[in-house]
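Structural overview
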Amino acid sequence: MNEINPSGWRPAMRESGVPASAIETFTGNRALQLEEALIFEIGNLEHCGVDFDEDDFDETLLGGLPSRRSAPVDLPGLTEPEAVRHYTRLSRQNYAIDLGLFPLGSCTMKHNPRLDEKVARMPGFADVHPLQPQSTVQGALKVMNELAQWLITLTGMHGVAMTPKAGAHGELCGLLCIRAALEARGDAREVILVPESAHGTNPATAAFAGYRVENIPATADGRVDVAALTARLGPDVAGVMITNPNTCGLFERDLKTISDAVHAAGGFVYCDGANFNAIVGRVRPGDLGVDAMHINLHKTFSTPHGGGGPGSGPVVLSEALAPYGPLPFTARQADGTVHLVEEETAAEEGHGQAFGRMCAFHGQMGMYTRALAYILSHGADGLRQVSGDAVLNANYVLRSLDDVLDAPFGAAGPCMHEALFSDDGFAEGFSTLDLAKGLIDEGFHPMTVYFPLVVHGAMLVEPTETESKRSLDQFIGAMRSLAERARAGDEALKSAPHLAPRRRLDETLAARKPKLVWKT
Amino acid sequence: MRYLPLNDADRAAMLESVGAGSIEDLFVDVPAEARLAGPVPGLPMHASEMAVERHMARLSGESLTAGEAPFFLGAGAYRHHVPASVDHLIQRGEFLTAYTPYQPEIAQGTLQVLFEFQTQVARLFGTDVANASLYDGSTACWEAITMAGRVTKRKKAVLSGGVHPHYVETARTMAKFTGDTLVTRQPELVAASDDDAVIADIDGETACVVVQYPDVLGRIPDVARIAQAAQAKGALLIVVVTEPVALGLLESPGALGADIVVGEGQSLGVGLQFGGPYLGLFGCREKYVRQMPGRLCGETLDADGKRGFVLTLSTREQHIRREKATSNICTNSGLCALAFSIHMTLLGGKGLEKMAKLSRIRAAQTAQALAKVPGVKIVNDSYFNEFAVVLPKDARTVVRALADKGVLGGVSLGRLYPGAEALSGGLLVTATECTTADDIAALVSALEEVLA
């Protein structure tokens, strides 16, 4: 299984007989692996990489400024060649989807099409101000509206709030809609139910929105305990937050039953749509009784993660919640133009129930353009194939590894778009972290580790649909090798990675004496 | 399909290996009635790259862009020149297609950038520390208010009328649900900012005072005086900066006594983008670091003793603390932080000062020219690159009429404060280093025609 190509050739790492680690260099660089100092160590206060038009540079016009600073901000500058080199060298210390498989479960690290980058930079979207007169930004508003229609139709919902800026912001939006709807009927409720397996953002969001969080246990087969959930429903429960497919990579079969019970008890169902990639184009959450669900455009619809954002988290809403969605939003007019409904006209246009504004301006335009280009490229047929291939790839990984790694829910049937393993069977003292760090030496990004919390030493692998069979086979080969080493107790694994730009970093030291800014 | 590497032979081989007859069989856990038999009805099928690009280009062409018109809008989003190298560098796949740096051994690029970014923001703001970014200025402002509540154990925030109304609205939305009390006011179209009124509202229950610097009308409040008044009552001073370029010329809020400084970083590196994605900046005093929201990057050592960087103090965060976290934020604005940081690195302190001076000079030239237009009155005594004028007509109508003449003339206060009759004649006008003498002449001439 370790072969890299059909001929069986593999790069020999030690052909010279000299261990690579034994060679010292003057610079600390190792050929293409280049060390890079901080800008504060290489720049200086006199350098600048930007030239300006200085016609009419009339310093007398700077008069009358109160609170004028006495010296420039104490920040070094770099000329353009220095800056390009600095960031290019730093970039090479990052792993990225462009370099290889990035199987972070729950994060949907799929290929980011470059067409999407190109269209996001079209001036009619990128070089317009959010407060221009609406007649001058029709191109941008039409993109928002077209994407909104796609999201509504793909999910079988009634409306969509486009403005939330990422998944957790979308969760907040959904809960605020629920709260607004309940308050509109004079029914203040205090509790949100959250399954144990939920993302940390779910309970954090519920608390941020002023709710008390109660956990719902999971069953032995990795799903929400329906009996426990329905038993807890009552007049104090505003709603439940359910991830579907859930964080164990399983579809919550009973979601419709749960929704019906929650609705009967006067509550609402929030679905965390982080894992929508597994079902997009095949299953509409609206058909399962969901009232609100955020869609991470930076997961399912492939806007780049950018090393930690920006994301975008539009929230699709049921008929019951749609009137309470935040401002602003788009509405297509009879004449074909698109109108942005803001505070100015919301009440007179019949949207007086909107709960307000979640952020300045209109949301993540730069993500809307990318997501729309991605969606249009795939179309309804392509998106169906996306979820099909994503699920097939995950099952292929699951079945190719379940003889060497414990798959806690593997016996029950197929998984959705991610395969879940545990550290059961590793030699004494060997952990999930060791296997994950070993993957780094093998040239892969590790999977999500120690999440979901309901599985001991969890390893959550989400290959996504943009991996070829060849790429999966190579990953599977690496994983089998690492699993065997962890089971056999190979000590070298405990200090992995050995070949990355850095060895394991001391996180305790970082937290005990935080150094968050550079100081001389 | 160009983004899907599996072909039918692969799929058949893989299905056989997993013991399934078809892809459909893998969806057995989805109740049959919820499974669609074919593509979602009512939507188009796949399209070529050419077709998608054509469609998007046609839509793009329906906007009047900032670059093709005399342009004077601001109010929390500013058009500055972004060097070409910034956009090139953020499109390096190793930055663009990386995830949040959870595996630091193979994410030192992103982490070192965040460490540099945090240092740049802290020095710009004059704070001890800064985080690795939040969504935008408005959400950062609310995060600061909740943080002040955690620090002071009080639940009342006093907001100046100079705070951007969208920021106030964002806070109002959240406060409805958290039970925090917000004392807010509308700005008045007068030369002085409302420092006195804000100070009068501070009492022993006040958790924080929120002041924008320069304020939404471009005026420059006396931050030091408000800081003293707030701190005398045990409240924190939060300063909001929507135009960070201003700090190239103005004293940093931290040096004036602010406890928390938040801002919108869009001016540097990010571009207008119709309002997002933008970049929330957040800095504060070191003693509050464990109450901060958002990701923090810190310096440490690796097993070989080499310097490296990691995400740290994550016990504040949702993935560890769940409902007890300091914020629910997860994904933030990493790539925008990178763009900001690269732009700031290209500028350095000197370049930022030059950019700030040019912006201010262009604004002063614009103000001088507008002051000569009959019926136009300049409101501000103090301003950086943005100021308010009073027009003899509803400024919303004027802005639309200017747009019809191909001039993007500013932001009407009627758009920002619907229903506020006293503000309806107000227009916010902004200039930056991008503003040319021709732009100013075009604005003056179009305005004269519209007001005639």
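Nothing here was measured: the structure is a model prediction, and the numbers come from that model.

Observations concerning the overall build of chain B
When you go through chain B residue by residue, the secondary structure sums to 14 helices and 13 strands. Rg of the C-alpha trace for chain B: 25 Å, near the compact-globule value of 22 Å for 452 residues, within the 12% margin. In terms of principal-axis extent, the alpha carbons of chain B reach across some 80 × 50 × 45 Å. Taking all 452 residues of chain B together, the buried fraction comes to 64%.

Side note on the overall build of chain A
For chain A, the count of helices and strands is 15 helices and 12 strands. The C-alpha radius of gyration computed for chain A amounts to 26 Å, which stays within 12% of the reference 24 Å derived for 520 residues, consistent with globular compactness. Out of the 520 residues belonging to chain A, those deemed buried represent 59%.

Structural notes on the UniProt feature "domain: Glycine dehydrogenase C-terminal" (unreviewed entry) in chain A
According to UniProt, the "domain: Glycine dehydrogenase C-terminal" (unreviewed entry) feature falls on residues 389-487 of chain A. Between the C-alpha atoms that bound residues 389-487 of chain A there is a distance of 31 Å. The span itself is 42% helix and 8% strand.

Some remarks on the UniProt feature "domain: Glycine cleavage system P-protein N-terminal" (unreviewed entry) in chain B
The positions UniProt marks with the feature "domain: Glycine cleavage system P-protein N-terminal" (unreviewed entry) are residues 1-446 of chain B. As a span, residues 1-446 of chain B carries 37% helix and 13% strand, and end to end its C-alpha atoms are 51 Å apart.

Here we look at the sheet that holds strand 7 (residues 280-284) of chain B
Residue and element names in this part refer to chain B. Pairing in this open sheet of seven strands is mixed, and the strands run 1-7-6-5-4-2-3 from one edge to the other. Each edge of the open sheet is held by one strand with a lone partner, namely strand 1 (129-130) and strand 3 (181-183). Relative to strand 7, strand 6 (residues 260-264) runs antiparallel, the two being bridged by five bridges. By the bridge assignment, isoleucine 260 is partnered in strand 7 with cysteine 284. Strands strand 2 (156-159), strand 4 (206-212), strand 5 (236-241), strand 6 and strand 7 of the sheet are contacted by helix 6 (residues 137-152), whose axis makes an angle of about 165° with strand 6.

Overview of the sheet that holds strand 12 (residues 459-461) of chain A
Taken in spatial order, the three strands make up an open sheet running 10-12-11 (chain A), and their pairing is antiparallel. The sheet terminates laterally at strand 10 (419-421) and strand 11 (448-449) of chain A, the two strands that pair on one side only.

Remarks on the domain arrangement of chain A
Each assigned domain of chain A is listed with its residue range as follows: domain 1 (116-373) and domain 2 (381-509). Of the residues assigned to the side of domain 1 of chain A that touches domain 2 of chain A, the class counts are eight nonpolar, seven polar and three charged.

As for unusual backbone geometry
Omega for the bond connecting A:Leu327 with A:Pro328 falls within 30 degrees of zero, at -10°, which places this linkage in the cis form. Summarising the element assignment, A:Pro328 is placed in the loop between strand 7 (315-317) and strand 8 (329-332). With omega at 0°, the peptide bond leading from B:Gly276 into B:Pro277 counts as cis. Tracing the chain through its elements places B:Pro277 in the loop between strand 6 and strand 7. We note that A:Thr108 has phi near 50°; this positive angle belongs to a residue other than glycine.

Examining the pairing of strand 8 of chain A
Sheet topology places strand 8 of chain A next to strand 9 (residues 338-341) of chain A; four bridges connect them, and they run antiparallel. Bridged to A:Ala331 within strand 9 of chain A is A:His339.

Observations concerning the packing of helix 12 (residues 395-404) of chain B against helix 14 (residues 437-451) of chain B
Residue and element names in this part refer to chain B. Two numbers describe how helix 12 lies on helix 14: the axes approach to 10 Å, and their chain directions differ by 120°. Viewed along their axes, helix 12 and helix 14 adopt a mutual orientation that is oblique. Crossing angle aside, the handedness with which helix 12 passes helix 14 is right-handed. Contacts between helix 12 and helix 14 involve Val398, Ala401 and Leu402 from the first element and Ala446, Leu447 and Val450 from the second. Classifying every residue of the contact of helix 12 with helix 14 gives six nonpolar, no polar and no charged.

Here's the deal with the interface of chain A and chain B
Tallying the contact residues gives 176 residues for chain A and 173 residues for chain B. Here the side of chain A that touches chain B gets 21 residues from one element, more than from any other, and that element is helix 11 (residues 365-401) of chain A. Looking at the side of chain A that touches chain B residue by residue, the class counts come to 88 nonpolar, 52 polar and 36 charged.

Some remarks on the packing of helix 6 of chain B against helix 7 (residues 165-178) of chain B
Residue and element names in this part refer to chain B. Between helix 6 and helix 7, whose axes approach to 9 Å, the crossing angle comes to 50°. In terms of axis orientation, helix 6 runs oblique to helix 7. The two elements helix 6 and helix 7 cross, and the hand of that crossing is right-handed. For the pair helix 6 and helix 7, contact is made by Gly137, Ser138, Thr139, Cys141, Trp142 and Ile145 and by His166, Tyr167, Thr170, Ala171 and Met174, respectively. Of the residues in the contact of helix 6 with helix 7, the class split is six nonpolar, five polar and no charged.

Concerning the domain arrangement of chain B
All names here are of chain B. In terms of domain boundaries, chain B breaks down into domain 1 (68-81 + 350-451) and domain 2 (84-343). Of note, the centres of domain 1 and domain 2, computed from C-alpha atoms alone, are 27 Å apart. Contact with domain 1, which involves 31 residues of that partner, is made by 26 residues of domain 2. Of all elements in the fold, only helix 11 (334-371), strand 11 (386-390) and strand 13 (426-430) reach the threshold of two or more residues within the side of domain 1 that touches domain 2. For the side of domain 1 that touches domain 2, the leading source of residues is helix 11, giving seven residues. For the side of domain 1 that touches domain 2, the per-class residue count stands at 18 nonpolar, seven polar and six charged.

As for the nonpolar core
Judged by nonpolar contacts, the single largest core of 317 residues is most densely connected at A:Cys177, B:Val209, B:Val210 and B:Ile238. Here this core takes 20 residues from helix 11 of chain A, the largest share from any one element. Beyond its immediate chain neighbours, meaning those up to four positions away, A:Cys177 contacts A:Ala292, A:Leu317, A:Leu321, A:Tyr324, A:Gly325 and A:Phe355.

A word on the environment of B:Asp10
Mapped onto the secondary structure, B:Asp10 falls in helix 1 (residues 8-18). Between the alpha carbons of B:Asp10 and B:Ser85 there is a distance of 41 Å; along the sequence they are 75 residues apart.

Remarks on the pairing of strand 6 of chain B
Residue and element names in this part refer to chain B. Most of strand 6 is tucked away, with five of its five residues classed as buried. Direction of pairing for strand 5 relative to strand 6: parallel, over a ladder of four bridges. Paired with valine 240 across the bridge in strand 6 is valine 262.

Quick word on the UniProt feature "domain: Aminotransferase class V" (unreviewed entry) in chain A
Using the residue numbers shown here, the UniProt feature "domain: Aminotransferase class V" (unreviewed entry) corresponds to residues 189-306 of chain A. With 21% helix and 21% strand, residues 189-306 of chain A has its two end C-alpha atoms placed 38 Å apart.

Parameters at a glance
- Residues numbered from 1 in each chain as written.
- Chains lettered and ligands numbered in written order.
- Predicted model: local features only at pLDDT ≥ 70, side-chain atom pairs only at ≥ 80, totals over all residues.
- Helix = DSSP H or I, 4+ residues; strand = E, 2+ residues; numbered from the N terminus.
- Rg over C-alpha atoms; globule rule 2.2 N^0.38 Å.
- Buried ≥ 20, exposed ≤ 12 C-beta atoms within 10 Å, placed from the backbone.
- UniProt positions renumbered as here; feature names shortened; annotations may be inferred.
- Pairing = 2+ DSSP bridges.
- Contact = placed C-beta atoms within 7 Å.
- Axes fitted to C-alpha atoms, helices over the stretch in contact; angles between N-to-C directions.
- Domains from an automatic or database assignment.
- Nonpolar A, V, L, I, M, F, W, Y, C, P; charged D, E, K, R; others polar.
- Parallel < 35°, antiparallel > 145°, perpendicular 65-115°, else oblique.
- Left-handed = near helix turned anticlockwise from the far one by under 90°.
- Core = buried A, V, L, I, M, F, W, Y, C linked by C-beta atoms within 7 Å.

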